[in-house]
Amino acid sequence: MKIKTADFVVSNTNVEKCPQDKIPEYAFIGRSNVGKSSLINMLMERKDLAKTSGKPGKTQLINHFKINNEWFLVDLPGYGYAQVSKTKRKKFQGYITDYFKKREQLVCAFVLVDSRHDPQKIDLEFMQFLGENQIPFGIVFTKVDKLPSSKLNKQITSYKRKVLEYWESLPVNFLTSSSNKHGREELLNFIDSVNKDVADDFNQK
Ligand code: GTP
Ligand code: MG
C-alpha cells in the first residue's frame, strides 16, 4: 500500500469523543516503551507524527491518525508501566478498556511485544481480553534489529509455542523494526487486505 497522506486528527481520553468517521481502524497496544509510536512513524515514513521517547510512559492519550483519508491508525498509552502513580494507571486502564470495548470502527488490534523478551503475563492477559471481546488481533514483534537472527528465530519460535498453549491457532504475526523498516511492507499489505475485506460492511454503515 502506498501512503499518500497521514494526518494527526485528535487526542483524547474518551472513546465517545473519538472521530465519528465510519472507516476501518487499527490500534497499536502493548507495554510502555515497546515501540508503538515508533512503529507508526516507521509505517508512515514520518519522523515525528507520533511522539516517541526513550523513557516509558510517553503516550498518554488515545491518538487518532487518518491515513490516505481511508482508515485510522490509533496510538495508545502503554499498559503495565510501573512508574506512573496507581491512580494514573487506573485512569489509563479505564479509558483503554473502554476504547476497546466500545469502538465500533476497530477492525484489528495489534499487540506489540518486544522480540527480545519472553512472553509476559500482562500481554497474554491482554490477548485474552481481546478474545473475550471478539476483537481480532495480531501480534507484532518489535525491535528485531536488536537481536542476531539465530537468537531471534529461537525467541520467536518459543513465543509462538507459548501463545499456542492459550489459542487454538496462531494469530497473524509480524516481525518488525522501526530502525531498519523490517516488516513494513508485510504489515501495510495486511492492513490493505483487511481494508478490502471489510469495505462492504463499512459502505453499508
Ligand atoms: P509509550 O508511549 O511510552 O507507551 O512507548 P511506545 O511503545 O510508544 O515506545 P516508543 O515508540 O516511544 O519507543 C520507545 C523507545 O524504543 C525509543 O527510544 C525508540 O527509539 C526505541 N525503539 C522503538 N522501536 C525500535 C526498533 O524497532 N528498534 C530499536 N533499536 N529501537 C526502537
Ligand atoms: Mg508511545
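Residues numbered from 1 in each chain as written. Chains lettered and ligands numbered in written order. Predicted model: local features only at pLDDT ≥ 70, side-chain atom pairs only at ≥ 80, totals over all residues. Heavy atoms only, no water.

Trainee: What is the right way to read the pairing of strand E2 (residues 25-30) from this model?
Mentor: Sheet faces and side chains relate simply in a regular strand, where the side chains alternate between the two faces. Among the six residues of E2, six are classified as buried, and the element is accordingly described as predominantly covered. Alignment of E2 against strand E4 (residues 71-75), held across four bridges, turns out to be parallel. Considered in E4, the bridge of Ala27 is made with Val74. Where E2 meets strand E5 (residues 106-114), six bridges bridge the pair, whose relative direction is parallel. Residue Gly30 lies in a different strand from E5, and its bridge partner there is Leu112. (Buried < 20%, exposed > 50% of the residue type's maximum accessible area, 1.4 Å probe, protein only. Helix = DSSP H or I, 4+ residues; strand = E, 2+ residues; numbered from the N terminus. Pairing = 2+ DSSP bridges.)

Trainee: Would you take a moment to explain the side chain of Thr176 for this structure?
Mentor: Take Thr176: it is sitting in the loop between strand E7 (173-175) and helix H5 (184-204). Among the residues examined, Thr176 registers a relative accessible area of 1% and is labelled buried. Contacts of Thr176, omitting those with residues within four sequence positions, involve Leu39, Val140, Phe141, Thr142, Lys143, Val144, His182, Gly183 and Leu187. (Contact = heavy atoms within 4.5 Å.)

Trainee: Just checking my understanding: could you explain the nonpolar core for this structure?
Mentor: In globular proteins that are soluble, nonpolar side chains generally tend to be buried together. The biggest cluster of nonpolar side chains holds 32 residues, and the ones touching the most others in it are Ile29, Leu76, Tyr99, Phe100, Val111, Phe126 and Leu130. Beyond its immediate sequence surroundings of up to four residues, Phe126 is in contact with Ile29, Tyr79, Phe100 and Val111. (Core = buried A, V, L, I, M, F, W, Y, C linked by side-chain atoms within 4.5 Å.)

Trainee: Explanation requested: the site of ligand 1 in the structure shown.
Mentor: Taken together, 22 residues surround ligand 1, and among them Lys36, Ser38, Gly57, Thr59 and Ser178 come closest. With respect to ligand 1, the side chain of Asp145 contributes an N or O atom lying 2.8 Å from a nitrogen atom. Ser179 is positioned with one of its side-chain polar atoms (N or O) 3.0 Å from a nitrogen atom of ligand 1. For ligand 1, whose unbound accessible area comes to 650 Å², protein coverage reaches 85%. The cavity where ligand 1 resides is the largest pocket. Along the lines of polarity and charge, the residues of the shell around ligand 1 split into two nonpolar, 14 polar and six charged. (Near = heavy atom within 4 Å. Polar contact = N/O pair within 3.5 Å; in protein donor to acceptor, adjacent residues only side chain to side chain. Areas by Shrake-Rupley, 256 points an atom, 1.4 Å probe, with all protein chains shown as cover. 1 Å grid on protein atoms, 1.4 Å probe; cavity = no way out; pocket = protein on both sides within 12 Å on 5 of 7 lines; lining within 4 Å. Sits in = over half its atoms within 2 Å of the grid points. Nonpolar A, V, L, I, M, F, W, Y, C, P; charged D, E, K, R; others polar.)

Trainee: Quick question: what am I supposed to make of the packing of helix H2 (residues 86-102) against helix H3 (residues 121-132) here?
Mentor: The relative placement of two packed helices comes down to the angle between their axes together with the axis-to-axis distance. Contact geometry of H2 with H3 gives a least axis separation of 10 Å together with a crossing angle of 35°. Considering the relative orientation of H2 and H3, their crossing is right-handed. For the pair H2 and H3, the contacting residues are Thr97, Phe100 and Lys101 in the first and Phe126, Phe129 and Leu130 in the second. Its residues assigned to classes, the contact of H2 with H3 comprises four nonpolar, one polar and one charged. (Axes fitted to C-alpha atoms, helices over the stretch in contact; angles between N-to-C directions. Left-handed = near helix turned anticlockwise from the far one by under 90°.)

Trainee: Which parts of the structure should I look at to understand the packing of helix H1 (residues 36-44) against H5?
Mentor: Where H1 contacts H5, the two axes come as close as 10 Å, and the packing angle between them is 85°. Relative to H5, the element H1 is oriented roughly perpendicular. Residues Leu39, Met42, Leu43 and Met44 of H1 form the contact with H5, whose own contacting residues are Arg184, Leu187 and Leu188. Across the contact of H1 with H5, the residue classes break down as six nonpolar, no polar and one charged. (Parallel < 35°, antiparallel > 145°, perpendicular 65-115°, else oblique.)

Trainee: Which parts of the structure should I look at to understand the pairing of E4?
Mentor: Along E4, five of the five residues are buried, which leaves the element largely enclosed by surrounding structure. Counting the residues between successive antiparallel strands, the hairpin from strand E3 (residues 62-67) to E4 contains three residues, one of them, Asn68, with a positive phi of roughly 50°.

Trainee: Before we go on, may I ask you to explain the coordination of the magnesium ion (ligand 2) in this structure?
Mentor: Put simply, the ideal angle at a metal is 109.5 degrees for four donors in tetrahedral geometry and 90 or 180 degrees for six donors in octahedral geometry. Protein coordination at the magnesium ion (ligand 2): the donors are Ser37 (OG) and Thr59 (OG1), at 2.0 to 2.2 Å from the metal. You can see Ser37 sitting in helix H1 and its partner Thr59 sitting in the loop between H1 and E3, a full 22 residues away along the chain. Residue classification places Ser37 among the buried positions, given a relative accessible area of 8%. Judged by its relative accessible area of 11%, Thr59 falls in the buried class. (Donors = N, O, S within 2.8 Å, 3.2 Å for Na, K, Ca; no water.)

Trainee: Before we go on, may I ask you to explain the pattern of salt bridges in this structure?
Mentor: Pairing of side chains with opposite charge becomes possible as their charged atoms draw close. Summed over all chains, the structure comprises 11 salt bridges. In this structure, Glu45 engages Arg184 in a salt bridge whose closest nitrogen and oxygen atoms are separated by 3.3 Å. In this pair, Glu45 sits in the loop between H1 and E3 while Arg184 sits in helix H5, placing the two residues 139 residues apart along the sequence. Accessibility expressed as a relative area gives 48% for Glu45, which makes it partly exposed. For Arg184, a relative accessible area of 10% corresponds to the buried category. The shortest N-O distance in the salt bridge between Lys196 and Asp192 comes to 3.3 Å. Pair noted here: Lys196 and Asp192 are both in helix H5, with a separation of four residues, about one helical turn. (Salt bridge = Lys/Arg side-chain N within 4 Å of Asp/Glu carboxyl O.)

Coordinates in, geometry out; function isn't part of it.
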